[in-house]
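Here is what each chain is made of, one letter per residue.
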Amino acid sequence: MTETSSDDDGDLLPIALTAHPDPEALARALAAHVAEALRRRIASDGAASLAVSGGRTPIRFFEALSGAPLDWDKITVTLVDERWVPETSERSNAALVRRHLLQGPAAAAHFVPLYTGDATPEDGLEDAHAAMAMVPRPFAAVVLGMGDDAHTASFFPGAPTLYAAIDPRTDADLVAVHAATAGEPRITFTIRPLIGADALFLHIEGPHKRMVLDAAREPGDALERPIRAILLHSPRPLDVLWCP
């Protein structure tokens, strides 16, 4: 059973939550929403772009979306953020996308990774910005994840560049990230292009992630729970797809 609610309790930051019975149903529903957003943008502009997150959670979603009947040759796929590692690393989000999303019909999509091969994300920022300038904007859809520390994208608590990353007035589209809990240096889109997407989704699974999100909806500092910045600055309640 799918359960949808719009929670705009005055004491909490609002979200639009859809609860699904299991990860497979959630993945199918998210793929359908993203596909529709891509179709709408292709119909209006003749091209569309999608930014996705890495990790284990989106694999089912990637595989569901890869078979969608879309004009994939008109779609550009990129990443919300990336660990600063080559695609030969098992930690590479780009490798994950190639393996699970850019298959079947979706193999015709254009893929623009964030990792440039430079020694550091700071060294690669100029080339990464140049590559992203070729990606159609606004994004038709952005799919975010969330960690146990309430980070989303690579907005990690304690990162020196976190304030710049979550400030919607930041001019840069991308920033380098170094954080003790991140595992590797990273590069991430800043908040402005993410919340400017036609459709913005948060994909989370399990009771603990729901508790983390609920805590972030309470009043507080976005530097402590960075997903709060998305909730604060999104022009509409964040679309959250969740399963227990």
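Here's a quick rundown of the structure. Here the residue numbers are simple positions, counted from 1 along each chain's written sequence. Reporting of local features is limited, given that this is a predicted model, to residues whose pLDDT is at least 70; pairs of side-chain atoms are given and counted only at 80 or more, and all residues count toward the totals for whole chains, interfaces and linings. Side-chain figures throughout are based on the complete set of non-hydrogen atoms in the structure, without hydrogens or water.

Our focus in this paragraph is helix α2 (residues 59-66). In an α-helix there are 3.6 residues to a turn, and that puts residues three or four apart on one side. Working definition: with a 1.4 Å probe on protein chains only, accessible area under 20% of the residue-type maximum means buried, over 50% means exposed, and in between means partly exposed. Here a strand is any run of E in DSSP of at least two residues, a helix any run of H or I of at least four, and the numbering for each starts at the N terminus. When α2 is considered as a whole, its buried residues turn out to be Phe61, Phe62, Leu65 and Ser66. Axial view of α2: buried residues confined to an arc of 130°, hence all on one face. The inward-facing, buried residues of α2 abut α1 (23-45), β3 (48-52), α3 (93-100), β7 (141-144) and β10 (199-205). When we speak of the arc, we mean the arc of directions from the helix axis to the C-beta atoms. Note on contacts: a residue pair qualifies if any of its non-hydrogen atoms lie within 4.5 Å across the two residues.

Oppositely charged side chains may form a pair once their charged atoms are brought near each other. What counts as a salt bridge is simple: a side-chain nitrogen of Lys or Arg found within 4 Å of a carboxyl oxygen of Asp or Glu. For the structure shown, the criterion picks out 15 salt bridges. Among the ionic pairs, Asp198 bridges to Arg41, the shortest N-O distance being 2.7 Å. With a gap of 157 residues between them, Asp198 in the loop between α6 (191-195) and β10 and Arg41 in helix α1 connect regions that are remote in the sequence. On the basis of relative accessibility, which here comes to 30%, the residue Asp198 falls in the partly exposed class. We classify Arg41 as buried; its relative accessible area is 16%. For Lys74, the salt bridge is made with Asp71, and the minimal N-O distance between the two is 4.0 Å.

For the rest of this paragraph, the subject is the pairing of strand β8 (residues 174-177). Because side chains alternate across β8, one face comprises the buried residues Leu174 and Ala176, and the other comprises Val175 and Val177, equally buried. Here 4 bridges tie β8 to strand β9 (residues 186-189), and the two strands are oriented antiparallel to one another. Paired with Leu174 across the strands is Phe189, a residue of β9. For two strands to pair, DSSP has to find at least two bridges joining them.

So, about the environment of Asp148. One can find Asp148 in the loop between β7 and α5 (162-166). Sequence separation between Asp148 and His208 is 60 residues, and the spatial gap between their C-alpha atoms is 7.8 Å. Among all residues touching Asp148, those that are not within four sequence positions of it are His208, Lys209 and Val212.

Below, the discussion takes up the layout of surface pockets. A volume near 720 Å³ is recorded for the largest pocket. As defined here, a cavity is a set of points on a 1 Å grid over the protein atoms alone where a 1.4 Å probe fits but cannot get out. A pocket is an open set with protein on both sides within 12 Å along at least five of seven lines, and residues line them when an atom is within 4 Å of a point. Along its surface, the largest pocket is lined by 32 residues, and Gly54, Gly55, Arg56, Arg83 and His151 are the ones closest to its centre. At the level of elements, β5 (81-83), α3, β7 and β10 are the ones that each hand at least two residues to the lining of the largest pocket. Amino acids outside the nonpolar list (Ala, Val, Leu, Ile, Met, Phe, Trp, Tyr, Cys, Pro) and the charged list (Asp, Glu, Lys, Arg) are all regarded as polar, and Gly is one of them. Of the residues assigned to the lining of the largest pocket, the class counts are 9 nonpolar, 12 polar and 11 charged. Grid points are joined across faces, edges and corners, and a volume is the space filled by probe spheres set on the points.

Here the expected length of a helix is defined as 1.5 Å per residue gap, with one fewer gap than residues. With 12 residues, helix α4 (residues 121-132) extends only 14 Å from end C-alpha to end C-alpha; this falls clearly short of the ideal 16 Å at 1.5 Å per step. Tucked inside the fold, the buried residues of α4 contact β4 (75-79), β6 (110-112), β8 and β9.

Quick look at the environment of Thr190 now. Inspection of the secondary structure assignment puts Thr190 in the loop between β9 and α6. Given the relative accessible area of 0%, Thr190 is considered buried. Residues contacting Thr190, with those up to four places away along its chain left out, are Phe155, Ala164, Ala165, Thr170, Ala172, Asp173, Leu174 and Val175. Engagement of the side chain of Thr190 in a polar contact is seen with the backbone oxygen of Ala172, the distance being 2.8 Å. Counted as a polar contact is a pair of N or O atoms within 3.5 Å, where, for protein atoms, one must be capable of donating a hydrogen and the other of accepting one, and residues adjacent in sequence contribute only when both atoms are in side chains.

What follows concerns the packing of aromatic side chains. Each Phe, Tyr or Trp ring, with Trp reduced to its six-membered ring, pairs with another whose centre is within 6.5 Å; inter-plane angles below 30 degrees give stacked pairs, above 60 give edge-to-face pairs, and intermediate values give tilted ones. According to the stated counting rule, one finds 3 aromatic pairs in the structure shown. Between Phe61 and Phe62, the aromatic rings sit 5.6 Å apart at their centres with planes inclined by 45°, giving tilted as the arrangement. Neither Phe61 nor Phe62 differs from the other in exposure class; each is buried. Measuring from ring centre to ring centre gives 5.4 Å for Phe139 and Phe189, while their planes differ by 85°; the resulting arrangement is edge-to-face. With a gap of 50 residues between them, Phe139 in the loop between α4 and β7 and Phe189 in strand β9 connect regions that are remote in the sequence. Accessibility classification places Phe139 together with Phe189 in one group, the buried group. Counting as a charge over the ring demands two things of the Lys NZ or Arg CZ atom: a distance within 6 Å of the ring centre and an angle within 35 degrees of the ring normal. Over the ring of Trp242 we find Arg210, and its NZ or CZ is 5.0 Å from the ring centre.

Note that all results are geometric; they support no functional claim without further evidence.
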